[in-house]
Amino acid sequence: MRLYIFTFLSVISLSSFSQAARKYSNEFLNIGVDAAALGMSSAVTAHTSDVNSGYWNPAGLVHVEDSQLALMHSSYFANIANYDYAAFAKPLDDRSVIGISLIRFAVDDILNTTQLIDSQGNINFDRISLFSTADYGLTFSYARKLPLDGLNYGVNAKVIRRIIGDFASAWGVGLDFGIQFESGNNWKFGVMARDITTTYNSWSINEEAFETIRNAVEGQNQDLPETTEITIPKLQVGISKLIEFHYDYTLLASANLNVRFSENNDIVSTSFASVNPAAGFEFAYNSLVYLRGGVGNFQNELQIDNSEQLTFQPSLGLGFKYKGIHVDYAFTDIGDQSIALYSNVFSLKLDFSIFR
């Protein structure tokens with residue numbers, strides 16, 4: 001039954017391109033990467049400092065001292081959708097680093113039941129076929145230290161590929177820009193501007209295949225949608241503080257303000273922008289074992305009686321590090337407190353310095 005529902009949703013999604021600029025576009029790029037960061041509710045803009053910085057804030061890549069590789073997998077909607085991520089970063093010199101990352105969010109082997117009933121009204125199971133929907137985000141990153149001590153910047157160039165079976169496909173491009181600044185006493189600040197030029201998706205629709213689903217939902221003719229989709233900019237501002245206890249113990253506290261330039265259900269929402277806070281912590285022992293937690297994604301959910309209820313998304317995570325091998329786990333919605341995507345997330349990070 002769930003696969004039938006996804007068939008319906010995929011058909012309807014073709015008509016969702018009718019608005020050139022929308023509040024929500026390329027949302028698969030907003031899920032997040034790295035179980036360590038997700039365990040802190042993604043409040044890592046200020047202090048991210050490894051290969052995963054290409055996603056969170058490319059300025060943080062300057063802290064990569066040797067080549068690093070990161071991998072992550074998680075599943076959503078009772079394992080119907082798969083979310084995969086891989087990234088690699090390498091220093092160019094003592095002041096600059098490059099990185100590349102790939103994200104794939106996909107639902108594979110969906111039952112296409114739009115032709116199940118023929119023109120005579122007969123059910124013919126031989127007319128059922130399979131198709132997949134997949135979203136890809138390929139990011140090229142560059143980061144560099146500026147002459148002012150503690151100030152770094154980074155730039156992302158993104159290439160987006162989206163596919164809905166044989167019905168439609170799209171290419172998109174966009175840019176991100178990030179900065180980080182580290183002051184005395186272990187305070188860090190960061191700003192990440194996503195889609196700063198707006199990100200354009202240009203869709204190509206198979207009109208012949210589209211005709212086969214135009215009347216797939218009885219009484220609802222599907223009009224051929226527009227082919228341009230625009231993702232509006234987003235801004236993330238972060239701050240973090242590292243506290244040391246007797247050398248072996250440390251506590252990292254961080255907070256983010258996530259800003260969308262549109263009106264939605266965030267805890268602070270205006271016609272100009274909406275703001276959603278997030279906070280997280282990481283308690284570490286001897287840079288070996290990590291306990292993480294956080295809370296974010298505050299939303300004013302509309303209830304059946306038209307009242308609003310504030311929901312949030314708490315997270316919890318564990319991490320282990322041995323030499324250059326990092327293994328992390330996160331559960332991203334403890335107690336099912338929100339309607340957001342939640343999952344058990346595992347990630348692996350490998351620092352090539354262990355081979356030297």
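Scroll up for the structure.
So, here's what we can say about the structure. (Residues numbered from 1 in each chain as written. Predicted model: local features only at pLDDT ≥ 70, side-chain atom pairs only at ≥ 80, totals over all residues. Heavy atoms only, no water.)

Time to look at the layout of surface pockets. In this structure, the second largest pocket encloses a volume near 1100 Å³. Across the lining of the second largest pocket, the residue classes break down as 12 nonpolar, 14 polar and 14 charged. (1 Å grid on protein atoms, 1.4 Å probe; cavity = no way out; pocket = protein on both sides within 12 Å on 5 of 7 lines; lining within 4 Å. Points joined across faces, edges and corners; volume = space filled by probe spheres on them. Nonpolar A, V, L, I, M, F, W, Y, C, P; charged D, E, K, R; others polar.)

For the structure shown, the criterion picks out 9 salt bridges. Where Arg292 meets Glu282, a salt bridge forms, and the shortest distance between an N and an O atom there is 2.7 Å. Linking Arg292 in strand β15 (residues 289-302) with Glu282 in strand β14 (residues 274-285), this pair joins segments that are 10 residues apart in sequence. By the burial criterion, Arg292 is buried, and Glu282 matches it. For Asp328, the salt bridge goes to Arg292, with nearest N and O atoms at 2.9 Å. Residue Asp328 is located in strand β17 (residues 325-331), and its partner Arg292 is located in strand β15; the two are separated by 36 residues in the primary sequence. Looking at Arg292, the relative accessible area reads 4%, which means it is buried. Each of the salt bridges in this network shares a partner with another, and the network as a whole consists of Lys158, Asp176, Asp195 and Lys234. (Salt bridge = Lys/Arg side-chain N within 4 Å of Asp/Glu carboxyl O. Helix = DSSP H or I, 4+ residues; strand = E, 2+ residues; numbered from the N terminus. Buried < 20%, exposed > 50% of the residue type's maximum accessible area, 1.4 Å probe, protein only.)

Here we take up the nonpolar core. The nonpolar side chains of soluble globular proteins are, as a tendency, buried together. Of all hydrophobic cores here, the largest spans 41 residues; its most connected members are Val33, Trp56, Tyr83, Tyr85, Ile103 and Phe105. Discounting chain neighbours no more than four positions away, the residues touching Tyr85 are Val33, Val51, Asn52, Ala70, Leu71, Met72, Ser101, Leu102 and Ile103. (Core = buried A, V, L, I, M, F, W, Y, C linked by side-chain atoms within 4.5 Å. Contact = heavy atoms within 4.5 Å.)

Before going further, it helps to examine the pairing of strand β6 (residues 151-164). Residues Asn152, Gly154, Asn156, Lys158, Ile160, Arg162 and Ile164 point to one face of β6 and are all buried, whereas Leu151, Tyr153, Val155, Ala157, Val159, Arg161 and Ile163, pointing to the other face, are not buried. Linking β6 to strand β7 (residues 168-182), which pair antiparallel, is a turn of 3 residues; within it Gly165 sits at a positive phi near 50°. (Pairing = 2+ DSSP bridges.)

A few words now on the environment of Ala330. With respect to the secondary-structure elements, Ala330 resides in strand β17. Note: C-alpha distance between Ala330 and Gly293 (37 residues apart in sequence) is 8.9 Å. Those residues within four positions of Ala330 in sequence are excluded, and the remaining contacts are Ala35, Leu38, Gly39, Leu316, Gly317, Ser343, Asn344 and Val345.

On to the environment of Phe355, then. By the element assignment, Phe355 lies in the segment after β18 (344-351). Residue class for Phe355 comes out exposed when judged on its relative accessible area of 60%. Counting along the chain gives 31 residues from Phe355 to Gly324, while the straight-line C-alpha distance between them is 9.0 Å.

Take the packing of aromatic side chains next. Counted according to the given criterion, the structure contains 10 aromatic pairs. Each ring, one from Tyr55 and one from Trp56, has its centre 4.7 Å from the other, and the planes form 85°; the classification is edge-to-face. Relative to Tyr285, the ring of Tyr249 lies with its centre 5.1 Å away and its plane at 45°, an arrangement referred to as tilted. Here Tyr249, found in strand β12 (residues 249-260), pairs with Tyr285, found in strand β14; they are 36 residues apart in sequence, far enough to count as distant. By relative accessible area, which is 35% here, Tyr285 ends up partly exposed. Aromatic rings pair up to connect Phe88, Phe352 and Phe355 into one cluster. Here the guanidinium or amino end of Arg194 rests over the ring plane of Tyr55, the centre of that ring lying 4.6 Å away. (Phe/Tyr/Trp six-rings, centres within 6.5 Å; stacked < 30°, edge-to-face > 60°. Lys NZ or Arg CZ within 6 Å of the ring centre and 35° of its normal.)

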